Amino acid sequence: QVQLVESGGGSVQAGGSLRLSCAASGSTFRINVMGWYRQAPGKQRELVAAISNGGSTNYVDSLKGRFTISNDNAKNTVYLQMNSLKPEDTAVYYCTAGRSWNDYDYWGQGTQVTVSS
C-alpha cells in the first residue's frame, strides 16, 4: 500500500500564492506518476497536473503558466506551486499516485485551498 499525506493548503487573497506538498510512503516502488486533482463545491473532480518519476509533466490547459508541478524522487514528494490564485481556484486539492498517467490507485485525504477576492 501507499500512503499520501498532503500539506500546504490554506486561505489566501486573490493574486497570492500557495505551495502544496504531498509525501508518499509505503510501497512507493508502485508509483510512476504523481499528481494533483481538485474538486470545487458542486463540481466534479478535475485533474490539475501530474508528473512522472522521469520529470515529464501534464497540465490542464487552463492552469498552465500559473501552476507548476515538481517532484523530489529522493523524498517521494510532489509539489504544486500555485501563483496568481483566483477565487475560482478554491477547492479541495487531492494528491494522487499510480503506475501510469490517468491510472491512479492512491489518493490523499485532501487539503482545502480557499482564495478570497
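Okay, so let's go over this structure. (Residues numbered from 1 in each chain as written. Predicted model: local features only at pLDDT ≥ 70, side-chain atom pairs only at ≥ 80, totals over all residues. Heavy atoms only, no water.)

**Some points on the pairing of strand S11 (residues 111-116)**
Formally: Note on classification: 1.4 Å probe, protein chains only; a residue is buried when its accessible area is under 20% of the maximum for its type, exposed when over 50%, partly exposed between these limits. Going along the chain from the N terminus, every DSSP run of H or I of four or more residues is numbered as a helix, and every run of E of two or more is numbered as a strand. Paired strands, as defined in this entry, are two strands with at least two bridges between them according to DSSP.
A one-sided burial pattern is seen for S11, the buried positions being Thr 111, Val 113 and Val 115 and the unburied ones Gln 112, Thr 114 and Ser 116. Summarising the sheet, strand S2 (residues 10-13) and S11 pair through four bridges and their orientation is parallel. Looking across to S11, one finds that Gln 13 is bridged to Ser 116. Note: strand S9 (residues 91-100) against S11, three bridges, orientation antiparallel. Among the inter-strand pairings, Ala 91 is bridged to a residue of S11, identified as Val 113.

**Let's talk about the packing of aromatic side chains**
Counted only if it meets this: For Phe, Tyr and Trp, rings pair up if their centres lie within 6.5 Å, where Trp contributes its six-membered ring, and each pair is then called stacked (planes under 30 degrees apart), edge-to-face (over 60) or tilted (otherwise). Should the NZ of a Lys or the CZ of an Arg lie within 6 Å of a ring centre and within 35 degrees of the ring normal, that charge is described as sitting over the ring.
Evaluation of the coordinates by the stated rule reveals two aromatic pairs. Between Tyr 37 and Tyr 104, the aromatic rings sit 5.9 Å apart at their centres with planes inclined by 80°, giving edge-to-face as the arrangement. You can see Tyr 37 sitting in strand S4 (residues 33-39) and its partner Tyr 104 sitting in strand S10 (residues 103-107), a full 67 residues away along the chain. The two residues Tyr 37 and Tyr 104 agree in class, both being buried. In this structure an aromatic cluster arises from ring pairing among Tyr 37, Tyr 104 and Trp 107. Between Arg 45 and the ring centre of Tyr 94, over which it is positioned, the NZ or CZ distance is 3.9 Å. Over the ring of Trp 107 we find Arg 45; its NZ or CZ atom is 4.9 Å from the centre of that ring.

**As for the pattern of salt bridges**
Opposite charge on two side chains permits pairing when their charged atoms draw close. We apply this condition: The salt bridge criterion pairs a side-chain nitrogen of Lys or Arg with a carboxyl oxygen of Asp or Glu, the two atoms within 4 Å.
In this structure the tally under the stated criterion is four salt bridges. Across the salt bridge formed by Glu 46 and Arg 38, the nearest N and O atoms sit 2.7 Å from each other. With a relative accessible area of 34%, Glu 46 lands in the partly exposed category. What makes Arg 38 buried here is its relative accessible area of 9%. Between Asp 89 and Arg 38 there is a salt bridge, and its shortest N-O distance comes to 2.9 Å. Highlighted residues: Asp 89 in the loop between strand S8 (77-82) and S9 and Arg 38 in strand S4, separated in sequence by 51 residues. Taken individually, Asp 89 and Arg 38 each receive the classification buried, so the pair is uniform in this respect.

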